[in-house]
Amino acid sequence: MEGTLGEIRAFAGNFAPRTWMFCTGQSLSISMYTALYAILGTNYGGDGVNTFNLPNIASRIVVGAGQGPGLSYYGLGEVTGEEQHTLIQTEMPNHTHLTTQTNTATAAAIDISLNGVDVAGTLSTPQGNYLAQESTGNDSIYANPNNSPNLVSLNSQAVQLGNLAPPRPVVTIGVTGSSMPHTNIQPVLGVNYVICVEGLFPSRD
(Lines give C-alpha, C1' and ligand atoms only; values in the text may rest on other atoms or scores of the structure.)
Protein backbone atom coordinates (compact mmCIF):
# COMPACT_ATOMS: atom_id res chain seq x y z
CA MET A 1 0.00 0.00 0.00
CA GLU A 2 1.70 3.15 -1.24
CA GLY A 3 1.91 6.11 1.08
CA THR A 4 3.86 9.16 2.12
CA LEU A 5 6.55 8.62 4.74
CA GLY A 6 5.10 9.41 8.19
CA GLU A 7 1.51 9.35 6.95
CA ILE A 8 -1.02 7.82 9.37
CA ARG A 9 -4.19 6.11 8.23
CA ALA A 10 -7.06 4.39 9.99
CA PHE A 11 -7.03 0.77 8.84
CA ALA A 12 -9.90 -1.64 9.48
CA GLY A 13 -7.81 -4.79 9.05
CA ASN A 14 -6.16 -6.80 11.80
CA PHE A 15 -2.70 -6.60 10.23
CA ALA A 16 -0.37 -3.81 9.14
CA PRO A 17 0.13 -3.63 5.32
CA ARG A 18 3.62 -3.95 3.89
CA THR A 19 5.77 -0.83 4.46
CA TRP A 20 3.36 0.24 7.22
CA MET A 21 3.43 -0.38 10.97
CA PHE A 22 0.83 -0.19 13.72
CA CYS A 23 0.89 3.05 15.74
CA THR A 24 1.52 1.46 19.12
CA GLY A 25 4.57 3.40 20.30
CA GLN A 26 7.24 0.99 19.04
CA SER A 27 10.87 1.96 19.46
CA LEU A 28 12.75 2.01 16.15
CA SER A 29 16.42 2.31 15.31
CA ILE A 30 17.42 5.68 13.91
CA SER A 31 20.08 4.08 11.71
CA MET A 32 17.49 1.77 10.10
CA TYR A 33 14.76 4.41 9.61
CA THR A 34 16.76 7.59 9.04
CA ALA A 35 14.24 9.21 6.72
CA LEU A 36 11.30 8.50 9.03
CA TYR A 37 13.28 9.84 12.00
CA ALA A 38 13.87 13.06 10.06
CA ILE A 39 10.10 13.53 10.03
CA LEU A 40 9.07 12.26 13.46
CA GLY A 41 12.10 13.12 15.57
CA THR A 42 11.54 12.35 19.23
CA ASN A 43 8.07 13.93 19.40
CA TYR A 44 6.68 10.54 20.36
CA GLY A 45 9.58 9.27 22.49
CA GLY A 46 13.04 7.79 22.13
CA ASP A 47 16.48 8.98 23.15
CA GLY A 48 17.22 10.78 19.86
CA VAL A 49 20.63 9.11 19.72
CA ASN A 50 19.91 5.52 18.84
CA THR A 51 16.14 5.24 18.94
CA PHE A 52 12.89 7.08 18.30
CA ASN A 53 9.29 6.00 18.87
CA LEU A 54 6.26 5.76 16.64
CA PRO A 55 3.06 7.47 17.81
CA ASN A 56 1.03 5.36 20.22
CA ILE A 57 -2.65 5.64 19.27
CA ALA A 58 -3.66 2.38 20.93
CA SER A 59 -6.81 3.05 23.01
CA ARG A 60 -6.53 6.77 22.31
CA ILE A 61 -8.46 9.45 20.42
CA VAL A 62 -6.52 11.53 17.89
CA VAL A 63 -6.77 15.31 18.25
CA GLY A 64 -5.26 17.91 15.96
CA ALA A 65 -2.11 19.55 17.31
CA GLY A 66 -2.17 23.28 17.89
CA GLN A 67 -4.96 25.50 19.22
CA GLY A 68 -8.31 26.26 17.67
CA PRO A 69 -10.24 29.48 18.44
CA GLY A 70 -11.43 29.33 22.03
CA LEU A 71 -9.96 25.86 22.49
CA SER A 72 -7.08 24.38 24.47
CA TYR A 73 -3.56 24.04 23.05
CA TYR A 74 -2.21 20.55 22.29
CA GLY A 75 1.44 20.16 21.40
CA LEU A 76 2.65 17.65 18.83
CA GLY A 77 3.02 14.30 20.58
CA GLU A 78 1.28 15.49 23.76
CA VAL A 79 -0.52 12.78 25.72
CA THR A 80 -3.30 13.85 28.04
CA GLY A 81 -6.82 13.00 29.20
CA GLU A 82 -8.23 10.24 31.37
CA GLU A 83 -10.75 7.45 30.86
CA GLN A 84 -12.25 7.85 34.33
CA HIS A 85 -12.57 10.93 36.48
CA THR A 86 -13.58 11.57 40.08
CA LEU A 87 -15.23 14.93 40.71
CA ILE A 88 -13.63 17.27 43.21
CA GLN A 89 -15.47 19.89 45.25
CA THR A 90 -14.74 22.81 42.92
CA GLU A 91 -16.26 20.90 39.98
CA MET A 92 -19.58 20.25 41.69
CA PRO A 93 -22.59 22.53 41.05
CA ASN A 94 -23.99 24.55 43.93
CA HIS A 95 -26.40 22.39 45.88
CA THR A 96 -27.92 21.84 49.30
CA HIS A 97 -28.29 18.84 51.57
CA LEU A 98 -31.38 17.84 53.51
CA THR A 99 -31.20 18.13 57.27
CA THR A 100 -32.87 15.83 59.79
CA GLN A 101 -33.92 17.17 63.19
CA THR A 102 -34.20 14.75 66.08
CA ASN A 103 -35.89 15.94 69.27
CA THR A 104 -35.21 14.28 72.59
CA ALA A 105 -38.19 12.69 74.31
CA THR A 106 -37.11 14.14 77.66
CA ALA A 107 -39.07 17.26 78.57
CA ALA A 108 -37.32 20.28 80.00
CA ALA A 109 -38.27 20.14 83.68
CA ILE A 110 -36.80 20.66 87.11
CA ASP A 111 -38.08 19.74 90.56
CA ILE A 112 -37.40 22.08 93.48
CA SER A 113 -38.58 21.44 97.01
CA LEU A 114 -38.68 24.39 99.43
CA ASN A 115 -39.00 23.08 102.95
CA GLY A 116 -39.05 24.46 106.45
CA VAL A 117 -40.03 23.20 109.90
CA ASP A 118 -43.18 23.96 111.86
CA VAL A 119 -41.47 24.73 115.15
CA ALA A 120 -40.12 27.90 116.67
CA GLY A 121 -36.56 28.75 115.72
CA THR A 122 -33.79 28.37 118.29
CA LEU A 123 -30.75 29.24 116.16
CA SER A 124 -29.63 32.44 114.48
CA THR A 125 -27.41 30.99 111.74
CA PRO A 126 -28.75 29.38 108.56
CA GLN A 127 -25.77 27.13 107.85
CA GLY A 128 -26.80 23.50 108.10
CA ASN A 129 -30.21 24.35 109.52
CA TYR A 130 -33.82 24.64 108.42
CA LEU A 131 -35.86 27.80 108.24
CA ALA A 132 -38.23 27.77 111.21
CA GLN A 133 -40.97 29.89 112.73
CA GLU A 134 -39.97 33.23 114.11
CA SER A 135 -39.50 33.35 117.88
CA THR A 136 -41.00 36.40 119.54
CA GLY A 137 -38.42 38.79 120.85
CA ASN A 138 -35.27 37.40 119.15
CA ASP A 139 -33.77 36.71 115.73
CA SER A 140 -33.59 32.95 116.09
CA ILE A 141 -35.44 31.85 112.97
CA TYR A 142 -33.56 28.60 112.25
CA ALA A 143 -33.86 25.10 113.73
CA ASN A 144 -31.56 22.10 113.86
CA PRO A 145 -32.72 19.52 111.29
CA ASN A 146 -32.02 16.66 113.72
CA ASN A 147 -34.44 18.08 116.25
CA SER A 148 -37.09 19.11 113.76
CA PRO A 149 -38.23 16.18 111.62
CA ASN A 150 -41.56 17.68 110.59
CA LEU A 151 -40.95 19.45 107.26
CA VAL A 152 -43.49 21.72 105.66
CA SER A 153 -43.57 23.16 102.15
CA LEU A 154 -42.82 26.85 101.72
CA ASN A 155 -44.35 29.19 99.20
CA SER A 156 -43.05 28.30 95.70
CA GLN A 157 -42.98 32.02 94.84
CA ALA A 158 -40.01 32.43 97.17
CA VAL A 159 -37.58 31.18 94.53
CA GLN A 160 -37.08 32.43 91.00
CA LEU A 161 -35.43 30.31 88.31
CA GLY A 162 -33.44 31.72 85.40
CA ASN A 163 -31.48 30.43 82.39
CA LEU A 164 -33.42 27.19 82.30
CA ALA A 165 -32.83 25.91 78.75
CA PRO A 166 -34.89 23.13 77.18
CA PRO A 167 -33.13 20.19 75.50
CA ARG A 168 -31.62 21.20 72.19
CA PRO A 169 -32.59 19.27 69.06
CA VAL A 170 -29.92 17.29 67.23
CA VAL A 171 -29.60 18.40 63.57
CA THR A 172 -27.92 16.00 61.16
CA ILE A 173 -26.88 16.97 57.61
CA GLY A 174 -27.46 14.17 55.16
CA VAL A 175 -24.39 12.65 53.46
CA THR A 176 -24.68 11.10 50.03
CA GLY A 177 -22.39 9.88 47.27
CA SER A 178 -19.52 7.41 47.25
CA SER A 179 -16.75 9.35 45.42
CA MET A 180 -16.56 6.72 42.69
CA PRO A 181 -14.97 7.79 39.35
CA HIS A 182 -17.20 8.04 36.29
CA THR A 183 -16.47 7.08 32.71
CA ASN A 184 -15.08 10.09 30.88
CA ILE A 185 -14.96 8.98 27.23
CA GLN A 186 -17.20 9.60 24.25
CA PRO A 187 -18.66 6.68 22.29
CA VAL A 188 -15.80 5.04 20.41
CA LEU A 189 -15.09 2.34 17.83
CA GLY A 190 -11.79 0.53 17.88
CA VAL A 191 -9.84 0.44 14.60
CA ASN A 192 -6.15 0.15 13.87
CA TYR A 193 -3.99 3.13 12.98
CA VAL A 194 -1.00 2.45 10.75
CA ILE A 195 1.92 4.68 9.81
CA CYS A 196 3.93 4.57 6.60
CA VAL A 197 7.57 3.71 7.40
CA GLU A 198 8.78 3.28 3.80
CA GLY A 199 7.35 5.57 1.14
CA LEU A 200 7.61 8.92 -0.57
CA PHE A 201 9.43 11.58 1.41
CA PRO A 202 7.01 14.50 1.82
CA SER A 203 7.90 17.82 0.28
CA ARG A 204 7.76 20.90 2.50
CA ASP A 205 6.34 23.03 -0.37
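Residues numbered from 1 in each chain as written. Predicted model: local features only at pLDDT ≥ 70, side-chain atom pairs only at ≥ 80, totals over all residues. Heavy atoms only, no water.

As a further point, take the overall build of the protein. The secondary structure content of the protein amounts to 1 helix and 15 strands. The buried share of the protein, taken over its 205 residues, is 17%. Residue pairs in contact within the protein that sit at least 24 positions apart in sequence constitute 60% of those at least 6 positions apart. When the accessible surface of the protein is totalled, it reaches about 15700 Å², and 51% of it is carbon and sulfur. (Helix = DSSP H or I, 4+ residues; strand = E, 2+ residues; numbered from the N terminus. Buried < 20%, exposed > 50% of the residue type's maximum accessible area, 1.4 Å probe, protein only. Contact = heavy atoms within 4.5 Å. Areas by Shrake-Rupley, 256 points an atom, 1.4 Å probe, with all protein chains shown as cover.)

Relative to the assigned elements, Gly121 resides in the loop between β9 (115–117) and β10 (130–131). When the C-alpha atoms of Gly121 and Glu134 are compared, they prove to be 5.9 Å apart, with 13 residues separating the residues in sequence. Setting aside anything within four residues of it in sequence, one finds Gly121 in contact with Ala132, Gln133, Ser135, Ser140, Ile141 and Tyr142.

Here we come to the layout of surface pockets. Over the atoms, a rolling probe the size of a water molecule traces out where space has been left empty. Taken as a whole, the largest pocket holds about 1300 Å³ of empty space. Lining the largest pocket are 41 residues; nearest its centre among them are Ile57, Arg60, Ile61, Val62 and Val63. It is strand β15 (residues 192–196) that provides the largest number of residues to the lining of the largest pocket, a total of 3 residues. Here the second largest pocket is characterised by a volume of approximately 270 Å³. Thr86, Leu87, Met92, His97, Gly174, Val175, Thr176, Gly177, Ser178, Ser179, Met180 and His182 are the residues that line the second largest pocket. Per-class residue counts for the lining of the second largest pocket are 4 nonpolar, 8 polar and no charged. (1 Å grid on protein atoms, 1.4 Å probe; cavity = no way out; pocket = protein on both sides within 12 Å on 5 of 7 lines; lining within 4 Å. Points joined across faces, edges and corners; volume = space filled by probe spheres on them. Nonpolar A, V, L, I, M, F, W, Y, C, P; charged D, E, K, R; others polar.)

Let's shift gears to the packing of aromatic side chains. For the structure on display, the rule yields 2 aromatic pairs. Ring plane angle 80° and centroid distance 5.5 Å describe the contact between Phe11 and Phe15, whose orientation is recorded as edge-to-face. Look at Tyr37 and Phe52: their rings are 5.4 Å apart centre to centre, the planes differ by 55°, and that puts the pair in the tilted class. Taken together, the positions of Tyr37 in helix α1 (residues 34–40) and Phe52 in strand β4 (residues 51–53) put the pair 15 residues apart, joining distant regions of the chain. For Tyr37, a relative accessible area of 23% translates into the label partly exposed. (Phe/Tyr/Trp six-rings, centres within 6.5 Å; stacked < 30°, edge-to-face > 60°.)

Despite not being glycine, Ser59 shows a phi value in the positive range, around 60°. Position of Ser59 among the secondary structure elements: in the loop between β4 and β5 (66–67). Residue class for Ser59 comes out exposed when judged on its relative accessible area of 68%. Although it is not a glycine, Ser179 adopts a positive phi angle of roughly 55°. Locating Ser179 in the fold gives a position in the loop between β13 (170–173) and β14 (182–183).

Taken in spatial order, the 3 strands make up an open sheet running β1-β15-β2, and their pairing is antiparallel. Edge positions in the open sheet fall to β1 (8–11) and β2 (20–22), since each of these has one partner strand only. Along the sheet, successive strands turn relative to each other by an average axial angle of 35°, direction set aside. As defined by bridge partners, β2 adjoins β15 across 3 bridges and the pair is classed as antiparallel. For Met21, the partnering residue across the bridge sits in β15 and is Ile195. (Pairing = 2+ DSSP bridges. Axes fitted to C-alpha atoms, helices over the stretch in contact; angles between N-to-C directions.)

Relative to the elements of secondary structure, Ser140 occurs in the loop between β10 and β11 (142–143). Overall, the relative accessible area of 13% leaves Ser140 in the buried class. Ignoring any residue separated from it by four or fewer positions in sequence, one finds Ser140 in contact with Gly121, Thr122, Leu123, Ser124, Gln133 and Ser135.

Everything listed is a geometric property; what it means functionally is a separate question.
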